[in-house]
Amino acid sequence: MLFFRSGLILLALTTFASAQSSLKLIPMPREVHATADVPLPHGVRIVCAAPCSEEDHFAATDLGTTLEERNISSVSPSGFVIELTRLANHPVADFSAEMKPEGYVISASHNSLTVTAATAEGLFYGAQTVKQLIAGDGPKAILQA
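Here goes a summary of the coordinates provided. (Residues numbered from 1 in each chain as written. Predicted model: local features only at pLDDT ≥ 70, side-chain atom pairs only at ≥ 80, totals over all residues. Heavy atoms only, no water.)

### With respect to the overall build of the protein chain
So, step 1. Scanning the protein chain from terminus to terminus reveals three helices and seven strands.
So, step 2. Shown N-terminal to C-terminal, the secondary structure of the protein chain runs as helices and strands in the order α-β-β-α-β-β-β-α-β-β.
So, step 3. Within the protein chain, contacts between residues at least 6 apart in sequence are counted, and of these 66% link residues at least 24 apart.
So, step 4. Accessible area of the protein chain: about 8,700 Å², with a carbon and sulfur share of 63%. (Helix = DSSP H or I, 4+ residues; strand = E, 2+ residues; numbered from the N terminus. Contact = heavy atoms within 4.5 Å. Areas by Shrake-Rupley, 256 points an atom, 1.4 Å probe, with all protein chains shown as cover.)

Right, dumping it as structure tokens:
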């Protein structure tokens with residue numbers, strides 16, 4: 001019986017590690033809840049939620065420039081929406097105090113992705129993670145949500 005339970009725990013840990021390891025993110029997030037990949041045939045539309053500070057605008061522009069270099073439109077009106085926003089504008093229930101200096105939360109739905117952070121640093125780091133979540137180039141790009 002003990003062997004059976006140990007096997008189940010090992011299987012559960014292996015499955016979790018496999019899901020975590022399929023994403024090649026640096027740094028690896030503290031927590032991941034993967035959803036289905038989203039094709040980006042029409043590119044994306046990056047939105048910096050108001051009030052958009054100069055630092056937040058920089059993060060949005062940096063993300064857009066990187067995607068444009070990969071032939072992924074970052075200003076497509078019909079593209080998948082990527083919103084960069086501050087915690088004050090988009091409260092996240094489990095955003096803990098230790099996350100506030102540089103942490104962020106990325107949440108995705110079938111037609112949008114939101115990066116929420118308390119600080120400009122967190123928003124920038126969240127945008128860097130979004131770059132890593134988009135695989136491929138041009139109309140064949142996908143978002144690993």
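### Points about the sheet that holds strand 7 (residues 142-143)
So, step 1. Strands sit in the order 1-7-6 across an open sheet of three strands; the sheet is antiparallel. The outermost strands of the open sheet, each flanked by one partner alone, are strand 1 (38-39) and strand 6 (134-135).
So, step 2. Bridging between strand 1 and strand 7 involves two bridges; their strand directions are antiparallel. Bridging from a neighbouring strand, P39 pairs with I142 of strand 7. (Pairing = 2+ DSSP bridges.)

### Quick look at the pairing of strand 4 (residues 104-108)
So, step 1. Across five bridges, the pairing between strand 4 and strand 5 (residues 112-117) is antiparallel. Counterpart to A108 in the pairing with strand 5 is L113.
So, step 2. Connecting strand 4 to the next strand, strand 5, in antiparallel fashion are three residues.

### What to know about the sheet that holds strand 4
Backbone-to-backbone hydrogen bonds pair the strands of a sheet. The strands run either parallel or antiparallel.
So, step 1. Judged by pairing direction, the sheet is mixed, and its four strands sit side by side in the order 2-3-5-4 without closing on themselves. Whereas interior strands pair on both sides, the edge strands pair on one side only; in this sheet they are strand 2 (44-48) and strand 4. Averaged over all pairs of adjacent strands, the angle between strand axes in this sheet comes to 15°, irrespective of strand direction.
So, step 2. On top of the sheet, helix 3 (residues 120-133) reaches strand 3 (80-86), strand 4 and strand 5; it is set at about 40° to strand 4, its chief contact. (Axes fitted to C-alpha atoms, helices over the stretch in contact; angles between N-to-C directions.)

### Some thoughts on the pattern of salt bridges
So, step 1. Applying the stated criterion across every chain, the model contains four salt bridges.
So, step 2. In this structure, the salt-bridge partner of E98 is R30, at a minimum N-O distance of 3.5 Å. Separated by 68 residues along the polypeptide, E98 in the loop between strand 3 and strand 4 and R30 in the loop between helix 1 (2-22) and strand 1 bring together distant segments of the chain.
So, step 3. By relative accessible area, R30 is classed as exposed at 59%.
So, step 4. Note that R70 is salt-bridged to D137, the shortest N-O span being 3.4 Å. Linking R70 in the loop between helix 2 (54-69) and strand 3 with D137 in the loop between strand 6 and strand 7, this pair joins segments that are 67 residues apart in sequence.
So, step 5. The exposure class of R70 is buried, given its relative accessible area of 18%. (Salt bridge = Lys/Arg side-chain N within 4 Å of Asp/Glu carboxyl O. Buried < 20%, exposed > 50% of the residue type's maximum accessible area, 1.4 Å probe, protein only.)

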